[in-house]
Amino acid sequence: MRNTPYLGFGLGLRNPHYKDVLKGTPKVDWLEVISENFLGRENLTAGPGLDRLLEIREKYPIVLHGVSLSIGSADPLNKKYMKRVKDLYEVVKPVWVSDHLCWTGVHGLNAHDLLPIPYTKSAIRHIVGRVKAVQDFYGRQILLENVSSYAEFSESTYTEWEFLAEVADKSDSGILLDVNNVYVSSFNHGFDPYQYLKNLPHDRIQQIHLAGHTNKGRYLIDTHDHPVVEKVWQLYEWLLQEIGPRNTMIERDDHIPPFEELVAELDRARALVKRQKRTA
Amino acid sequence: MSRDVLKSQDWFLNAIRSANVKSKQIYAKKINQTPTFNASERMGIYRNAYRIRLKECLAEDFPVTAKLMGSKKFDRISEDYIRLRPSRYSSLVDFGENFAKFLRNKRALSKIFSELADYEWAIIDCRFTENRPKNLLKPDQLAELSPEEIMVERDPSVFAMESSWPLIQVWRKKRQLPKKKSFLIVHRRDRSIQFCSLDAHAYKIVSYLTQPTSLIAVLSDKTFKNFDAKIWNRTFKTLVKNEIVFYRHKNFSIL
Ligand SMILES: [Fe+2]
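All figures in this text were calculated on a predicted structure; none of them were measured in a lab.

1. Here we look at the nonpolar core
Counting residues in hydrophobic clusters, the biggest one holds 137 residues, and the most contacted among them are Phe163, Leu177 and Tyr236 of chain A together with Phe12 of chain B. Per-element tally for this core: the top contributor is helix H7 (residues 111-126) of chain B, with 10 residues. Contacts of tyrosine 236 of chain A, omitting those with residues within four sequence positions, involve Phe9, Val179, Ile208, Leu210, Thr248, Ala269, Leu272 and Val273 of chain A. Of all hydrophobic cores here, the second largest spans 24 residues; its members include Leu142, Val158, Ile205 and Phe236 of chain B.

Below, the structure written as structure tokens:
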């Protein structure tokens, strides 16, 4: 069921770090970039960003992560967007591709946010059909990432992990598990994050995101502007013991530190896997 | 399409786009709450994030327009834009596309703001333009060809505009300057975005070349009949040298 190769430890590549990667050879095994940053206006264009990415691809495997598929939306799939993404896949040849299990807008409007889905049977039916259509169109499997949330629809009849598991199983998609998002949502909605991790189809988890968040006291906000917190590292370590190593990366979108600092943070994940292999 | 999903999303999107916060009870009917984190606060996070994200996007794309307008006014106009021109784009990078036009339609607002916004949008847009083609004619190849075989083209990244203000200086100095007519272009040379003022002749040529045109057609067009040959040659040479205009063989040009 796992279709992606194990590449090890990666980072989400953001603008300030391009020069580090172009000039040096930092210790990362692969890099994830946001697909939308390389899409031209109407059609895919070989703009300066894409040139740079293709240069980087000579040194590191690239993974493409989208934010606009809006797989959960009640609107029809955005074929124009999908065509541009598919063209991008053909040029960049990413090792695997992903987007989020969420919706970003409806009636043609876009909130540009990763919004929560009502966890219902009809939503599962709706989304599974769409994921299959997307995978057919791209001619490849996609990974879907769990998003962090602040609101849950009272009409939901599934837990988030049941919903994610069922969508992934029925559509034969992979899971990009964001451990920080699990933690943030568990705090905000009062569920047990370990139960979440325990009950996912583990062989579908093909990539892991680690990130930081902001603690507002009564709730957490997923800001990607801090280092990974201890509780999230503990969840990650527990997960590794349960399912073994998975492609793991750190996401940082704000207050971006020097590249070496992120590489050092990533080394902690590396060390955890190494330690586990030794004790196994 | 699932009608239940549509209904929930319709409600959710309206709630985050709405200018008025609804009563706590209305949110609590649809959204789960806990004793320490009520439904209204939960929806408030999405409402605020929506507004902040779009406002920040405009402030980042139009920094000098915002500075000259003053933050309060810019903030108010951004709110209007978000309400009246909600994003229908798949990506946030396109959200500012109609902002200059929106400012232009505000009668009470000085035209300098819409012109600055046009200019700042060109800087953003430039990054997404096509690369210049590879098969260009070199100056020494031109002599061997007839003007019918040579196509004159504007670099795909070029954005040309005229302004009633010295817009480049206004943008550089980030302050108002007295009115003075100017012609300017924004374009991209490889990865770097360039800005330059043009004289009236150069501007006429650049704005004429909206599509590939054969050299013979350019030379015989009545638009340029009053051009002095010396000025014409000098202007053309400079435009080519600065990678604003280029020549291609007609067989390589897509009309
Ligand atoms: Fe993530």
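2. Quick word on the interface of chain B and chain A
How big an interface is tends to be expressed through the accessible area that disappears when the partners come together. Across the boundary between the two partners, chain B contributes 48 residues, which contact 47 residues of chain A. Buried area between chain B and chain A, both sides added, is near 4,200 Å², and the carbon and sulfur share of it is 53%. On the chain B side of the contact with chain A, Gln9, Tyr46 and Arg191 of chain B bury the most area, a combined 17% of that side's loss. Scanning the region where chain B abuts chain A turns up four salt bridges. As a salt-bridge pair, arginine 53 of chain B and aspartate 113 of chain A come within 3.6 Å of each other at their nearest N and O atoms. Our enumeration of links across chain B and chain A arrives at 22 residue pairs in polar contact (both at pLDDT 80 or more). Looking at the side of chain B that touches chain A, the element that brings in the most residues is helix H1 (residues 3-17) of chain B, giving 11 residues. Tallied by class, the residues present in the side of chain B that touches chain A amount to 22 nonpolar, 10 polar and 16 charged.

3. A short note on the sheet that holds strand S6 (residues 245-249) of chain B
Residue and element names in this part refer to chain B. Taken together, the three strands give an open sheet; going across it, the order is S5-S1-S6, and neighbouring strands pair in antiparallel fashion. The two strands at the open ends of the sheet, each matched to only one other strand, are strand S5 (213-214) and S6. As defined by bridge partners, strand S1 (residues 150-154) adjoins S6 across five bridges and the pair is classed as antiparallel. Its bridge partner lying in S6, arginine 154 is registered against valine 245.

Rules of the game
- The residue numbering used here restarts from 1 in each chain and proceeds along that chain's sequence as written.
- Lettering of chains starts at A and numbering of ligands starts at 1, both following the order in which they are written.
- The predicted origin of the model limits local features to residues at a pLDDT of at least 70 and limits the giving and counting of side-chain atom pairs to 80 or more, whereas totals for whole chains, interfaces and linings rest on all residues.
- Neither water nor hydrogens contribute to the side-chain values; these are computed over all heavy atoms in the structure.
- To qualify as a nonpolar core, a set must consist of buried Ala, Val, Leu, Ile, Met, Phe, Trp, Tyr and Cys residues joined through side-chain atoms within 4.5 Å.
- Three labels apply to residues, based on accessible area from a 1.4 Å probe with only protein chains included: buried if under 20% of the type maximum, exposed if over 50%, partly exposed otherwise in between.
- Note on conventions: DSSP H or I runs of at least 4 residues are helices, E runs of at least 2 residues are strands, and numbering of each starts at the N terminus.
- Here, residues are in contact when the closest pair of their heavy atoms is within 4.5 Å.
- Accessible-area loss on putting two parts together, using a 1.4 Å probe and summing over both, is the definition of buried area adopted here.
- What makes a salt bridge here is a side-chain nitrogen of Lys or Arg within 4 Å of a carboxyl oxygen of Asp or Glu, nothing more.
- N or O atoms closer than or at 3.5 Å make up a polar contact, with two conditions inside protein: a donor-capable atom paired with an acceptor-capable one, and, for residues adjacent in sequence, both atoms drawn from side chains.
- Note that Gly is not counted as nonpolar here; it falls among the polar residues with everything else outside the nonpolar set of Ala, Val, Leu, Ile, Met, Phe, Trp, Tyr, Cys and Pro and the charged set of Asp, Glu, Lys and Arg.
- Pairing between strands requires that DSSP locate at least two bridges from one strand to the other.

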